[in-house]
Amino acid sequence: MTGDERRARNVPGDRPENQPAHLPGSLPVFRTRLVGRQAELAEIQRLYERDAGARLVTLTGVGGVGKTRLAQAAAADLRPYFRDGAWWVELSPLQEGMLLPHAIGQALSVANEITRPMIEVVGHYLAGRELLLVLDTCEHLVDACAAAAQTLLAAAPGLRILVTSRRPLGMADEQLVMIDPLPVPETDDCATAGADAAVLLAERAAQAVPGFEITDANRADVLRLCRRLEGLPLALELAAARLHELSVRELTEKLDDRFAVLGAAPDSATADAEPPPSTPLPSRAGLRPSMGVPTSSEAPTPPWHQALRTAIGWSHELCTPAERLLWARLSVFAGSFDSGAAGRVCAGVHLPCEDVPGLLSALAEKSILIWVPTAGEDRYRMLDTIREYGAAWLRRLGEEDRLRRRHRRLYLALARRGDALWIGPGQYAWYDRANSEHANFRTALEYTLAQRDGATALELAGALWFFWYPCGHLKEGQHYLERALALGTDPSPARNKALWVCSMVLLCQGDAEAGAAWAGQCVAEAERLGDNGAATTARACLLVAATMRGDRPRVFSLSGQLLAITSPEDGELLGPLPLARLLARVLAGIALTVDGRPEEAIAMLEEMRTECGRHGEQWMRAYGDVMRAHAELACGRPETALRYARAALRVKRRLHDSLGCALALDVLAVATGAHGQSGRAAWLLGLAQHIWHTIGLPQAGIPEFVAARQSCEHQAHSTLGDHAYKTAFHTGYETALDTGIAYALDPAQPQ
């Protein structure tokens, strides 16, 4: 098969020439090199490039064998051969299979702002693309992963999937690659010091003990240690982290003692708790279709690999009592966490809060925690295997429920703060913080719903409105809000808030009817309780629905009522800026422009801009700038419209607001065309269309925006001619989003 034929079939072959500097995709970056695994990498590539053309390959093996690291290296090698790159979906923090399509969509930056099931939206997005999708750590979601893979592979001929899991997915066309521990030599001669297991141990030991290397004096002990740990990478890394305290010989002797007592009953003070069993593994059979492999509900559950069990238990034993206690308590976190969160959840009588930062550093030095560098405060995470071990200890200590309640309390408090402060000067910081805690918000919600605590579920899901709506997690928000509303049916302020938030997320997905129904219910229930704030915001949701329906008289009526309700007597807001007031100004601006009164719209939007500036608010101000650009165009001022469109785009891109970016690009295209740059306008229309395809609902369902875009398309097409228009449009559509937006924001770029 030629290189062109391989690329046409979306399989790896000869490395493509002239690859772009930044290949599309989202693969994680590891700070250490992959040791060995050349045969496995070659086998994975062979599977994808052979005539049969495998579409789903699963790397399977025991916990700690290095499946994730190998998948990353394999995906990096394969990435240049996929036109649309390689994309990584980390499933370790995900607890519920129903949210799997949302996790995939989030990894692909597909925003579901329509009411179709997310799996359909992702399938539609992938249908015309050629990419590699990596689903990492699937063993706890096997059935959901199999169903999603089957649906997506059927929808997208150019899709290939690489899976890591302790158990296979059980699909007929699944190709399995069994990942064994690294090879360990049987003899101690000089040549064997280059064995993969020994090299890995030496490289990781050099991180703990600078200058460490295998010498004639320590070779026999190093190889004995590798054999004792059976070449299992995670076990070797845990052992290497201890070499700053013990010599290789001392460490090996302690492990020998540990193996000798492995079957003994654990002691509450020093021994390890029996870890939970790993997920089942097939017998070693190389690559084969998975016909007849037991499903997740049928398969047996053998014990953990003995070497890993021993290495983790021994590492646990060598930790101080405080480190062991913190390890157990940290297991309630999902994804990553920072030092402050760890202290608030885990500190107590036997674990002073001021000791937690030092203990976190100590656990990171021992490879129990992984340090995650960020632009802000340092964060940490645990490998799944390490977390499972800590969770077993936490259950054994009888602290699991108490720690999960503390975890929920922390993230409820964080949600309340975000709720109160979002419309203010810290929106960029809140966006970053909320997204870094996504997995922990999910975990807190799942725990609350599992406990059948309707009141807390309503409060938490409602307080997270800023996460569901401005931060772009609409479908997931709908999922949790509807579950909370079904559970917590007693009238309350928390229920009122959840009602209007549910209305808003449905409206933003284009469902005006359902959104209006939830808003109407909120108005009725809130008024009965005298909850004026919730009733006012629900009326703002009804205003959004009226805008989507093109009902201008109702838009004018509702916006006037809302502005009157939210206007202070002295004309100046001293407290928080109400969301209802901002929505009323923005949507009235649209209606006034369409009604032939753009100067009135500009005056209203300028007042809003001033208010937002006084409060440091940017998210809604940027929507106001989009409307201002439309109004300036209606006044015949395209240069001014360009300025406001770019101002909106800068903010929306920083907040990763797909809807806002698409709206801003659309009006930027219209203003560019009105300024006489038809080629650039066509290019911008193509770039915007790329985003609209990830959202699904063109122009947010607002008739006036649909008409404005169609007019721009017609004008550019007429000016350029069919071929030139299609070429410019296609070029914009195919441009990487970050590159395209940078170009769009630079007025000096040539047409």
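These remarks concern the structure in this document. A quick note: this is a predicted structure, and the numbers were derived from the prediction, not measured. (Residues numbered from 1 in each chain as written. Predicted model: local features only at pLDDT ≥ 70, side-chain atom pairs only at ≥ 80, totals over all residues. Heavy atoms only, no water.)

Here the focus is unusual backbone geometry. With a phi angle near 70°, S367 is a residue other than glycine that sits in the positive phi range. By the secondary structure assignment, S367 is in the loop between α14 (356-365) and β7 (370-372). Judged by its relative accessible area of 28%, S367 falls in the partly exposed class. Notably, H656 is not glycine yet its phi reads approximately 55°, a positive angle. The topology assignment puts H656 in the loop between α29 (638-654) and α30 (658-674). For H656, a relative accessible area of 41% corresponds to the partly exposed category. (Helix = DSSP H or I, 4+ residues; strand = E, 2+ residues; numbered from the N terminus. Buried < 20%, exposed > 50% of the residue type's maximum accessible area, 1.4 Å probe, protein only.)

Glancing now at the environment of L383. On the secondary structure map, L383 appears in the loop between β8 (379-381) and α15 (384-397). C-alpha of L383 to C-alpha of G335: the two residues are 48 residues apart in sequence and 9.3 Å apart in space. When residues no more than four places from it in sequence are discounted, the contact partners of L383 are L234 and I370. (Contact = heavy atoms within 4.5 Å.)

Here the structure, examined in full by the defined rule, presents 16 aromatic pairs. With a centroid separation of 5.7 Å and 50° between ring planes, the pair formed by F441 and F467 is classed as tilted. On the criterion of sequence distance, the pair formed by F441 in helix α18 (residues 438-450) and F467 in helix α20 (residues 465-468) is long-range, its members being 26 residues apart. Residue F441 shares its accessibility class with F467, and that shared class is buried. An aromatic cluster is present here, built from W422, W430, W465, F466, Y469, W500, W619 and Y623 joined pairwise through their rings. The positively charged end of R129 is found above the aromatic ring belonging to Y125, 3.8 Å away from the centroid. The ring of Y428 has R654 lying over it, and the distance from NZ or CZ to the ring centre is 4.8 Å. (Phe/Tyr/Trp six-rings, centres within 6.5 Å; stacked < 30°, edge-to-face > 60°. Lys NZ or Arg CZ within 6 Å of the ring centre and 35° of its normal.)

Running from N to C, helix α7 (residues 196-208) and helix α8 (residues 219-228) point in directions that differ by 110°, and their axes come no closer than 9 Å. As the angle between them shows, α7 and α8 are arranged roughly perpendicular. Together, A197, A198 and L201 of α7 and V222, L223, L225 and C226 of α8 make up the contact between the two elements. Looking at side-chain class alone, the contact of α7 with α8 contains 7 nonpolar, no polar and no charged residues. (Axes fitted to C-alpha atoms, helices over the stretch in contact; angles between N-to-C directions. Parallel < 35°, antiparallel > 145°, perpendicular 65-115°, else oblique. Nonpolar A, V, L, I, M, F, W, Y, C, P; charged D, E, K, R; others polar.)

Further remarks concern the pattern of salt bridges. The full count for this structure, using the stated rule, is 47 salt bridges. Two residues, D338 and R379, come together in a salt bridge whose shortest N-O distance is 3.9 Å. With D338 in strand β6 (residues 336-338) and R379 in strand β8, the pair connects residues that are 41 residues apart, well separated along the chain. Here D338 and R379 have matching classes, each one buried. For the salt bridge of R483 with E446, the shortest nitrogen-to-oxygen distance reads 3.3 Å. With R483 in helix α21 (residues 474-487) and E446 in helix α18, the pair connects residues that are 37 residues apart, well separated along the chain. A residue is classified by how much of its surface remains accessible, and R483, at 29% relative accessible area, is partly exposed. Look at the salt bridges and you will find they share partners, linking E599, E606, R628, E632 and R637 into a network. (Salt bridge = Lys/Arg side-chain N within 4 Å of Asp/Glu carboxyl O.)

A separate point is empty space enclosed by the protein. Taken as a whole, this structure holds 5 cavities of 30 Å³ or more when the rule is applied. Taken as a whole, the largest cavity encloses approximately 290 Å³ of empty space. Forming the walls of the largest cavity are 20 residues, and the residues nearest its centre are Y469, V544, L587, L659 and I702. When residues of the lining of the largest cavity are assigned to their parent elements, the largest contribution, 4 residues, is made by helix α26 (residues 579-594). (1 Å grid on protein atoms, 1.4 Å probe; cavity = no way out; pocket = protein on both sides within 12 Å on 5 of 7 lines; lining within 4 Å. Points joined across faces, edges and corners; volume = space filled by probe spheres on them.)

A separate point is the pairing of strand β2 (residues 86-90). Most of β2 sits out of view: 4 of its 5 residues are buried. Inspection of the sheet shows β2 paired to strand β3 (residues 131-136) by 5 bridges, in the parallel sense. Of the residues in β3, the one forming a bridge with A86 is L132. (Pairing = 2+ DSSP bridges.)

Any functional reading would require information that these geometric values do not contain.
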